[in-house]
There are 2 protein chains.
Amino acid sequence: MPRRIAQSVSAGDETGTAEFDRWFDDLRERRAMQVTPVPLDDLSGWSTHPDTGVIRHDSGRFFTIGGLEVHVPNGPVPQWSQPIINQPEIGILGLLIKQIDGVLHCLVQGKVEPGNRNGLQLCPTVQATRSNYTQVHGGRPVPYLEHFRDTARHRIVSDVRQSEQGAWFRQKRNRNMVVEVTEDIEVIDGFRWVTFGELHRLLQAEDLINMDARTVLSCVPFAGPEVTAVLPAGGDAFHAALLASCSGDGGLHPMTDILSWVTEIRTRTEVYTREVPLRGLPGWRREAGRIVHESGRFFDVIGVDVRTGTREVGSWMQPLIAPIGTGLVAFLVARIQGMLHALVHARAEPGYLDVVELGPTVQCTPENYTVLPSAARPRFIDTVLAARPERIHFDTVLSEEGGRFHHSRNRYTVVEVDPGPEYDHPDFRWVTLHQMADLLRHSHYLNVQARSLVACLHSLTATGRATRRTDRP
Amino acid sequence: MPRRIAQSVSAGDETGTAEFDRWFDDLRERRAMQVTPVPLDDLSGWSTHPDTGVIRHDSGRFFTIGGLEVHVPNGPVPQWSQPIINQPEIGILGLLIKQIDGVLHCLVQGKVEPGNRNGLQLCPTVQATRSNYTQVHGGRPVPYLEHFRDTARHRIVSDVRQSEQGAWFRQKRNRNMVVEVTEDIEVIDGFRWVTFGELHRLLQAEDLINMDARTVLSCVPFAGPEVTAVLPAGGDAFHAALLASCSGDGGLHPMTDILSWVTEIRTRTEVYTREVPLRGLPGWRREAGRIVHESGRFFDVIGVDVRTGTREVGSWMQPLIAPIGTGLVAFLVARIQGMLHALVHARAEPGYLDVVELGPTVQCTPENYTVLPSAARPRFIDTVLAARPERIHFDTVLSEEGGRFHHSRNRYTVVEVDPGPEYDHPDFRWVTLHQMADLLRHSHYLNVQARSLVACLHSLTATGRATRRTDRP
């Protein structure tokens, strides 16, 4: 078993927060990025294939945007077409951790991305596409990358490829790595050591901890007993159940049954996808320099011009996926056998490598259901939307990856319910946090939204309830 | 943790063997199948697409044979084209097990397949493609299938999709299931309860336990302590290390490092495949009613006419892949820290869903290297071929799947070596049997040849050494 990671909750936290704020505000000012919309036809460095309409970088690297035809014979929407990002290369999302004064710290960076609505967000130590780290665009080397390239030199805590948005990416995976170092590490400008406790508190701020940081954090084996040892006593029943869920054995369903359920669903679910031309894609049209769905819903494909003095490259243009509306990403959780269980949903998304992954209880953009059949409306959405405040344990709007998505935001929320037969459904199962941690040692079990929620649940181990902060950054 | 399975080694074994032989010989006589070569153009029920040359059943089901172009930029053979079987549907390989008089038994069947060189072989309880069990060909229902379709009714011991030959199948997976029943089961003609001990002894007979039975057996969680309890005392050091390897914790490499190594190799290995027409496939030609490689090596695609009185359908025709030459499939094993470790090889095959799987130390058809570059010659092949008899713990020729392959045979062998630096190589790792058992709970870690060898290693827990039997059947 890998060594588990405990967070610190030290007396110096309030001071740490004020100091972090100063560091972050200063960096945000110095790292300002100008992002201006540009028609797709005017994106220099990128071209649209005259026949297929596929959008591609002139170097042939980075990513392309093409068309995808999707058939899900037994789904509420049995067939559709959509633009999709093809990015077959596997990037690295790497987090360096180090014991400092007896407390584990993570090396994070403040980084601007063109799709971020607020410029700077907090990222893992390394966030590099293969094009980045092989320096296709001729930029500067990626700082700290060597720690993740020569894995024999350090202690690997976690190293697993995980999927990203299967609705927008075709078979995209990133390598999520956590590496522990013991030697001295020079902290260069824009980077900072923070404790897990600080990170967990910052997770409650809107649009601050970015998606890449959240997914890497979810893969850190995070255990209850060590956490309990450093926590103030006297948490409530929810809190006790959360800690038991992180550290315990067992759960409502044995692991063999959960794995069999995944096998069953992946065997019976039929999803057929086929690359098709982006030009003339049914339901989509190119107008005013962007690609839009005829309903005005789902997402647009837009172009942007990016200018910054501090990135590896000073300025560039690129396409982005711009979703319409804020999404809802929610776990229903319940105390069962003294352990907190989350209700995971076996979801098919067209971009998954292996048919189905386990997602949040609810994952959707509510406004889309104005143009979709009523059978497509997600199960349990009303339970989430009608939750009384005292049953809501986490509730923060967080951003998705700003390198590919423009102002993509989801309301991440954890809602407690009483267990009951209304949650018995062949596509849903109650699982504990330690069961999710076991699954996260392997690829393609938990989708990126569920992984974000796992990080959010870990963040509650300090108090059992998040205070919503909207004042950051 | 799932309950572990112990084999029985009871006093009645010799009687059991003679009785099994009578049952098997009688069944083989009654289940005779006539298989006659037929030119591919004359296969009734199948047609060759006039443009692409793809071979397809008129119903659109079962499987197709098309062309595949493969690029492995850093491989010893960086590019080639080949015919490949496309069979996207996921079948079921199911084994029923039951405690009878305190000893676990498996329900096996004797089944003929057109590609078997010896007609009848021993199979799991259920061996059904989706076309089989949805009865596309209008045949009889698959016996015992209901136990694997309604998994809520029984105790699931193992349920995982695993790949098959990535050199001949494109992304083929079967669902490997082991289900324990307690109720009385009617044993119909052609089926028989056997103990794990009997199965393990039968595994030493040539071409008897078929590939599907071997892969399901490999997924049975098989533990040392229970095995030890029923074994005669006084095994040798190899035997003790084998038992420790089945049951122990730990090993030369912690599991986190093994998973990281798999992630690293899957991230860095580049394999690009593309479906291309079978007609005009570079290096291959259609002559004398079959498809052959211009070197005469690798495999042919042939057609056969099949006649039998006892299958779900009395007669049919179909194409088969007919490999040239007998393959070599070998584990080098070594005693390290008192536990037997097998040297697994991270292999890329064009048909794998996820780039690379862990295979045997050596897996090849030695004769193919007369027409391949010398850099392609498998590492460690000479160690296997030059092994002294007393270092060979298992050595039996076994058949691959007779429903798709014609007379496809491999020499399966387990060779003990002393551990040493000559086995340190980035594509190889020493792993224990319990580590392989952990990996086998998940899809796509161990390839089908390695899984067969895991079943062979389990069979040695009775004695530590197999007596080679070539008299069966």
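You'll find the structure just up there.
Model, not experiment: these values are computed from the prediction.

A. Layout of the overall build of chain A. In terms of helices and strands, chain A carries eleven helices and 25 strands. Out of the 473 residues in chain A, the part that is buried amounts to 62%. Long-range pairs, those at least 24 residues apart, make up 74% of the contacts in chain A with a sequence separation of at least 6.

B. Just the pairing of strand β10 (residues 155-163) of chain A, in detail. Residue and element names in this part refer to chain A. Counting buried residues in β10 gives eight out of nine residues, a clear majority hidden from the surface. One ladder, built from eight bridges, connects β10 with strand β12 (residues 173-181); its direction is antiparallel. Considered in β12, the bridge of Asp-159 is made with Met-177.

C. Expanded view of the pattern of salt bridges. Taken as a whole and assessed by the stated rule, the structure comprises 66 salt bridges over all chains. As a salt-bridge pair, Arg-290 of chain A and Asp-300 of chain A come within 2.8 Å of each other at their nearest N and O atoms. Residue Arg-290 of chain A is found in strand β16 (residues 290-293), and its partner Asp-300 of chain A is found in strand β17 (residues 299-307); the two are separated by ten residues along the sequence. Overall, the relative accessible area of 29% leaves Arg-290 of chain A in the partly exposed class. Counted as one network, the salt bridges with shared partners bring together Asp-159 and Arg-175 of chain A together with Glu-264, Arg-268 and Asp-427 of chain B.

D. Spatial organisation of the relation of the copies chain A and chain B. Expressed as a screw operation, the relation of chain A to chain B combines 0.0 Å of axial shift with a rotation of 180°, fitting to an RMSD of 0.0 Å. Taken together, the rotation and translation relating the two chain copies correspond to the operation of a two-fold axis.

E. Quick look at the interface of chain A and chain B. Counting residues at the interface gives 26 residues for chain A, matched by 26 residues for chain B. The largest contributions to the chain A side of the interface with chain B come from Arg-161, Thr-267 and His-442 of chain A, which together make up 21% of the buried area. At the junction of chain A and chain B, the tally comes to six salt bridges. Residue Asp-354 of chain B pairs with Arg-161 of chain A through a salt bridge whose shortest N-O separation is 2.8 Å. Inspection of the region where chain A meets chain B yields 17 residue pairs in polar contact (both at pLDDT 80 or more). Those elements giving two or more residues to the side of chain A that touches chain B turn out to be β10, β12 and α8 (255-268) of chain A. By residue class, the composition of the side of chain A that touches chain B is nine nonpolar, six polar and eleven charged.

F. Up close: the environment of Trp-168 of chain B. All names here are of chain B. Relative to the helices and strands, Trp-168 resides in the loop between β10 (155-163) and β11 (169-170). A sequence separation of 268 residues divides Trp-168 from Met-436, and the C-alpha atoms of the two residues are 24 Å apart. Not counting residues within four places of it along the chain, the set of residues in contact with Trp-168 comprises Ile-84, Ile-85, Phe-299, Ile-321, Pro-323, Phe-405 and Ser-408.

G. Structural context of unusual backbone geometry. Residues and elements named next belong to chain A. Positioned with a positive phi, Gln-337 is a non-glycine residue whose angle comes to about 55°. Within the element layout of this structure, Gln-337 appears in the loop between β19 (327-336) and β20 (339-348). Looking at Gln-337, the relative accessible area reads 53%, which means it is exposed. The phi dihedral of Val-355 falls on the positive side, at around 70°, and the residue is not glycine. As for its position among the elements, Val-355 is in the loop between β20 and β21 (356-359). Residue classification places Val-355 among the buried residues on the basis of a relative accessible area of 19%.

H. The arrangement of helix α7 (residues 237-247) of chain A in detail. The complete set of buried residues in α7 of chain A reads Phe-238, His-239, Ala-241, Leu-242, Leu-243, Ser-245 and Cys-246 of chain A. Sitting at the amino-terminal end of α7 of chain A is Asp-236 of chain A, which places a side-chain oxygen 3.3 Å from the backbone nitrogen of Phe-238 of chain A.

I. The packing of helix α5 (residues 211-218) of chain B against helix α11 (residues 448-459) of chain B, seen in detail. All names here are of chain B. Put simply, α5 and α11 touch, their axes get as near as 8 Å, and they point 70° apart. Taken together, the axes of α5 and α11 lie roughly perpendicular to each other. Listed contacts from α11 to Met-211, Arg-214, Thr-215, Leu-217 and Ser-218 of α5 are Val-448, Arg-451, Ser-452, Val-454, Ala-455 and His-458. Class assignment of the residues belonging to the contact of α5 with α11 gives a composition of five nonpolar, four polar and two charged.

J. Structural detail: the packing of aromatic side chains. Under the counting rule described, the total for this entry stands at 24 aromatic pairs over all chains. Pairing Phe-20 of chain B with Trp-23 of chain B gives two aromatic rings, centres 5.5 Å apart and planes at 50°, and the pair type is tilted. Taken together, the residues span about one helical turn, with Phe-20 of chain B and Trp-23 of chain B both in helix α1 (residues 13-30) at a distance of three residues. Across the pair, Trp-23 of chain B and Phe-20 of chain B agree in class, each one buried. Seen from their ring centres, Trp-23 of chain B and Phe-24 of chain B are 6.4 Å apart, and the 55° between their planes marks the pair as tilted. This pair shows no difference in class: Trp-23 of chain B is buried, exactly as Phe-24 of chain B is. Across from the ring centre of Phe-169 of chain A, 4.0 Å away, lies the NZ or CZ of Lys-172 of chain A, which sits over that ring.

K. The side chain of Lys-98 of chain B, seen in detail. All names here are of chain B. Locating Lys-98 in the fold gives a position in strand β6 (residues 91-100). The exposure class of Lys-98 is buried, given its relative accessible area of 11%. A distance of 3.4 Å separates polar atoms of two side chains, one belonging to Lys-98 and the other to Asp-184.

L. Layout of the pairing of strand β23 (residues 392-399) of chain A. Residue and element names in this part refer to chain A. Of all eight residues that make up β23, eight are buried, and the element is covered over most of its length. Two elements, β23 and strand β24 (residues 409-416), share seven bridges in a ladder whose sense is antiparallel. Along β24, the bridge assignment pairs Thr-396 with Tyr-412.

M. Representation of the environment of Leu-453 of chain A within the structure. All names here are of chain A. Looking at the secondary structure, you find Leu-453 in helix α11 (residues 448-459). Given the relative accessible area of 0%, Leu-453 is considered buried. On a C-alpha basis, the gap between Leu-453 and Thr-64 in space is 29 Å, while along the polypeptide they are 389 residues apart. The contact partners of Leu-453, leaving out residues within four places of it in the chain, are Val-329, Ala-330, Phe-331, Pro-360, Tyr-412, Thr-413 and Val-414.

N. Representation of α11 of chain B within the structure. In this model, α11 of chain B (twelve residues) spans 17 Å end to end at C-alpha, consistent with the 16 Å of a helix rising 1.5 Å per residue. Burial in α11 of chain B covers these residues: Val-448, Gln-449, Ala-450, Arg-451, Ser-452, Leu-453, Val-454, Ala-455, Cys-456, Leu-457, His-458 and Ser-459 of chain B.

O. The arrangement of the side chain of Gln-127 of chain B in detail. Residue and element names in this part refer to chain B. Residue placement: Gln-127 occurs in strand β9 (residues 126-128). Owing to a relative accessible area of 8%, Gln-127 belongs among the buried residues under this scheme. For Gln-127, the side chain forms a polar contact with the side chain of Asn-210, separated by 3.1 Å. Dropping the residues within four chain positions of it, Gln-127 is found in contact with Ile-92, Leu-93, Gln-109, Lys-111, Glu-113, Asn-132, Asn-210, Asp-212 and Glu-401.

P. A look at the environment of Asp-300 of chain A. All names here are of chain A. The exposure class assigned to Asp-300 is buried, which follows from its relative accessible area of 9%. Considered as a pair, Asp-300 and Val-329 are 29 residues apart in the sequence and their alpha carbons are 21 Å apart. Those residues in contact with Asp-300, other than ones at most four positions away along the chain, are Arg-290, Ile-291, Val-292, Leu-320, Ile-321, Ala-322 and Ile-324. Here Arg-290 takes part through its side chain, which lies 2.8 Å from a polar atom of the side chain of Asp-300.

The rules we used
Residues numbered from 1 in each chain as written. Chains lettered and ligands numbered in written order. Predicted model: local features only at pLDDT ≥ 70, side-chain atom pairs only at ≥ 80, totals over all residues. Heavy atoms only, no water. Helix = DSSP H or I, 4+ residues; strand = E, 2+ residues; numbered from the N terminus. Buried < 20%, exposed > 50% of the residue type's maximum accessible area, 1.4 Å probe, protein only. Contact = heavy atoms within 4.5 Å. Pairing = 2+ DSSP bridges. Salt bridge = Lys/Arg side-chain N within 4 Å of Asp/Glu carboxyl O. Least-squares fit on C-alpha atoms with pLDDT ≥ 70 in both. Buried area = accessible area lost by both parts, 1.4 Å probe. Polar contact = N/O pair within 3.5 Å; in protein donor to acceptor, adjacent residues only side chain to side chain. Nonpolar A, V, L, I, M, F, W, Y, C, P; charged D, E, K, R; others polar. Axes fitted to C-alpha atoms, helices over the stretch in contact; angles between N-to-C directions. Parallel < 35°, antiparallel > 145°, perpendicular 65-115°, else oblique. Phe/Tyr/Trp six-rings, centres within 6.5 Å; stacked < 30°, edge-to-face > 60°. Lys NZ or Arg CZ within 6 Å of the ring centre and 35° of its normal. Expected span 1.5 Å × (residues − 1).

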